[in-house]
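Listed below are the residues making up each chain.
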Amino acid sequence: MHIHILGICGTFMGGIAVIAREAGHKVTGCDASVYPPMSTQLAAQGIALIEGYAPDQAGLNPDMFVIGNVVTRGNPLMEEILNRGLPYLSGPQWLAEHVLRGRWVQAVAGTHGKTSTASMLAWMLEYAGLQPGFLIGGVPENFGISARLSDTPFFVIEADEYDTAFFDKRSKFVHYRPRTAVLNNLEFDHADIFSDLAAIETQFHHLLRIVPGQGLVVSNGTDAALDRVLARGCWTPVERFAVAGGWHAGAQGADGAFDVYWKESVQGRVRWTLLGRHNQSNALAAIAAARHCGVPPAVAIEALAQFKNVKRRMEVKGVVGGITVYDDFAHHPTAIETTLAGLRARVNGARILAVLEPRSNTMKLGVMNKRLATSLAAADQVFCYSAGLSWRAEDVLRPLGAKATVSDDFDGLLAAVAAAARKGDHVLIMSNGGFGGIHEKLLKELSAK
């Protein structure tokens, strides 16, 4: 089969491209813009990429057009496909029909931590010799790729609640039919498609309705929204984490190590390089999910000692003149706050310069503005790139006082960060996009300085 993927450079659609290629399909694709790590991954797989959505791509005559949710009505290629009556499917539906059917799907859902938890889970299964397939919204450094196919029954997938496509407004995860469902947490997000938190809870309820009775739901026991979802109906055994009656952690040592408990029984001690209670919680969820498909907790805990995290999750991009530059995907106030807390625990009293691009649809709409300044409070200086926002970042960040700098001029912001940074500083860059290649440009500026 020849598939042509519209929106191929998104992490999810790019992952589908890799899996389809491994399955023996011919894969081509197009997108409006390209940036690493997905562009690099696609090139390494030898997948042909076309810039833009010109309607003449219909002339490629693939067996199926696979449509990413970035594509809307008015897209010139999509309009050509519709006008000519050419065959098309959404990415999640293609995946469900051609890859996931008949597999033991482990789906990791939640507002935060999906990528990290799914990466931990896939690595635990790999370490135990189960060789899972996976599709993750980032690049786990243990694998060096965001997706792969496997001959084994096991498949780990990051299960996003965002809508499937312009022609299918259900959440992506309802297509996956998981046997193991991890519910990390649940907050309001995606304000461009959901009216409120209750609307998202309904989608999570739809997910629970399709988990089999012989499956398992692993749920955060401290999350009131998830409790409401479970109360609406659950036909599957539930194991909770982050609470004493389920999977929980002992006190975290200065080196990040902690004991893992199942109810009152110690399962082992995690020794790793990650810090922060959010990563601890992600680990507990992954251990529970791994046990469901046969991985003993002791083995899963051993695997975490070799877990290398995910690209764009506190990833060190370089150190110049004693200044460390990090890349992180955080784009929601809760994620920003927990990321800064983890870095603060690591660097103690050293200065942290937070550089933020509010790029997600929810952030651009200003829905999270009341929490934004508070989420950045742990930073010593804050730099916000305000181009394209419908709200005044200066007003929103005013509670931070003089330590906040706002600019809609990318080059000016870059110069300001470079000028402010000094030996011993930690520069944390947060965006869910490429941010104009700021990481490499900043390292170059610092080298010149």
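Residues numbered from 1 in each chain as written. Predicted model: local features only at pLDDT ≥ 70, side-chain atom pairs only at ≥ 80, totals over all residues. Heavy atoms only, no water.

A. How the structure looks around the overall build of the chain. When its secondary structure is counted, the chain shows 15 helices and 23 strands. Computed over C-alpha atoms, the radius of gyration of the chain comes to 22 Å, within 12% of the 22 Å expected from 2.2 N^0.38 for 449 residues, which places it in the range of a compact globule. Seen through its C-alpha atoms, the chain measures out along the principal axes to roughly 60 × 55 × 40 Å. Expressed as a percentage of the 449 residues in the chain, the buried residues total 58%. Taking as baseline every contact in the chain between residues at least 6 positions apart, the subset at least 24 positions apart corresponds to 64%. Surface exposure of the chain reaches about 17300 Å², of which carbon and sulfur atoms provide 50%. When the 42 basic and 42 acidic side-chain charges of the chain are each reduced to a single mean position, those positions are 3 Å apart. (Helix = DSSP H or I, 4+ residues; strand = E, 2+ residues; numbered from the N terminus. Rg over C-alpha atoms; globule rule 2.2 N^0.38 Å. Buried < 20%, exposed > 50% of the residue type's maximum accessible area, 1.4 Å probe, protein only. Contact = heavy atoms within 4.5 Å. Areas by Shrake-Rupley, 256 points an atom, 1.4 Å probe, with all protein chains shown as cover. Lys, Arg positive; Asp, Glu negative; His and termini not counted. Charge placed at Lys NZ, Arg CZ, Asp CG, Glu CD.)

B. Representation of the side chain of Lys172 within the structure. One can find Lys172 in the loop between strand 11 (168-171) and strand 12 (180-183). A relative accessible area of 8% means that Lys172 is categorised as buried. Sequence-distant contacts of Lys172, that is, excluding residues within four places in its chain, are made with Phe12, Asn69, Pro92, Asp160, Tyr162, Asp163 and Thr164.

C. The arrangement of unusual backbone geometry in detail. Positive phi, normally seen in glycine, also occurs at Gln131, with a value near 45 degrees. Along the chain, Gln131 falls in the loop between helix 5 (114-127) and strand 7 (133-135). On the basis of relative accessibility, which here comes to 46%, the residue Gln131 falls in the partly exposed class. One non-glycine residue with positive phi stands out, namely Arg177, at about 50 degrees. Summarising the element assignment, Arg177 is placed in the loop between strand 11 and strand 12. The exposure class assigned to Arg177 is exposed, which follows from its relative accessible area of 67%.

D. Representation of the packing of aromatic side chains within the structure. Under the criterion given, the structure shown has 12 aromatic pairs. Seen from their ring centres, Tyr385 and Phe410 are 5.9 Å apart, and the 80 degrees between their planes marks the pair as edge-to-face. Taken together, the residues span a long stretch of sequence, with Tyr385 in strand 21 (residues 381-385) and Phe410 in helix 14 (residues 410-420) at a distance of 25 residues. For Phe410, a relative accessible area of 13% puts it in the buried group. Grouping aromatic residues by their ring pairs yields a cluster made of Trp123, Tyr127, Phe134 and Phe143. Over the ring of Trp104 we find Arg179, and its NZ or CZ is 5.7 Å from the ring centre. Above the plane of the ring of Trp262 lies Arg291, whose end atom (NZ or CZ) is 5.0 Å from the centre. (Phe/Tyr/Trp six-rings, centres within 6.5 Å; stacked < 30°, edge-to-face > 60°. Lys NZ or Arg CZ within 6 Å of the ring centre and 35° of its normal.)

E. Main features of a negative patch on the surface. Side chains of Glu394, Asp408, Asp409, Asp411 and Glu445 sit close together on the surface and give a patch of like negative charge. Note on placement: Asp408 falls in the loop between strand 22 (404-407) and helix 14. With a relative accessible area of 55%, Asp408 lands in the exposed category. (Patch = residues over 30% accessible without salt bridge, like charges linked within 9 Å, V, L, I, M, F, W, Y side chains within 5 Å. Salt bridge = Lys/Arg side-chain N within 4 Å of Asp/Glu carboxyl O.)

F. The pairing of strand 23 (residues 426-430), seen in detail. Across the 5 residues of strand 23, 5 count as buried, placing the element largely inside the fold. Here strand 23 shows no split at all, with His426, Leu428 and Met430 on one side and Val427 and Ile429 on the other all buried. Looking at chain direction, strand 19 (residues 323-328) and strand 23 are connected through 5 bridges and run parallel. Pairing of Thr324 across the sheet is with His426, part of strand 23. Sheet topology note: the strand 20 (residues 352-356)/strand 23 ladder contains 5 bridges and is parallel. (Pairing = 2+ DSSP bridges.)

G. Spotlight on helix 1 (residues 11-22). Between its first and last C-alpha, helix 1 extends 17 Å over 12 residues, near the 16 Å set by a 1.5 Å rise per residue. Burial of helix 1 is extensive: 9 of the 12 residues sit out of reach of the surface. Directly after helix 1, the chain includes Gly24, whose backbone phi takes a positive value near 100 degrees. (Expected span 1.5 Å × (residues − 1).)

H. Region of interest: the sheet that holds strand 2 (residues 26-31). Taken in spatial order, the 5 strands line up as 3-2-1-4-5 in an open sheet, and their pairing is parallel. At either end of the open sheet lies a strand with only one pairing partner, and these are strand 3 (48-51) and strand 5 (88-90). Going across the sheet, the axis of each strand differs from the next one's by a mean of 25 degrees, ignoring polarity. Pairing of strand 1 (residues 2-6) with strand 2 involves 5 bridges; the strand directions are parallel. When the sheet's bridge partners are listed, Leu6 is paired in strand 2 with Cys30. Contacting strand 1, strand 2, strand 4 (64-67) and strand 5, helix 3 (residues 76-84) runs over the sheet at an angle of about 135 degrees to strand 1. (Axes fitted to C-alpha atoms, helices over the stretch in contact; angles between N-to-C directions.)

I. Focus on the packing of helix 14 against helix 15 (residues 438-448). Remark: helix 14 packs on helix 15, axes separated minimally by 10 Å, with the N-to-C direction vectors making an angle of 50 degrees. As summarised for this structure, helix 14 and helix 15 are arranged oblique, according to the angle between their axes. Here the hand of the crossing between helix 14 and helix 15 comes out right-handed. Within the contact between the two elements, helix 14 uses Phe410, Leu414, Val417 and Ala418 and helix 15 uses Ile438, Lys441, Leu442, Glu445 and Leu446. Considering only residue class, the contact of helix 14 with helix 15 consists of 7 nonpolar, no polar and 2 charged. (Parallel < 35°, antiparallel > 145°, perpendicular 65-115°, else oblique. Left-handed = near helix turned anticlockwise from the far one by under 90°. Nonpolar A, V, L, I, M, F, W, Y, C, P; charged D, E, K, R; others polar.)

J. Representation of helix 15 within the structure. What helix 15 keeps buried is the set Ile438, His439, Leu442, Leu443 and Leu446. Taken down its axis, helix 15 places every buried residue within 130 degrees of arc, on the same side. The exposed residues of helix 15 that point more than 90 degrees off its buried face are Lys444, Ser447 and Ala448. (Arc of directions from axis to C-beta.)

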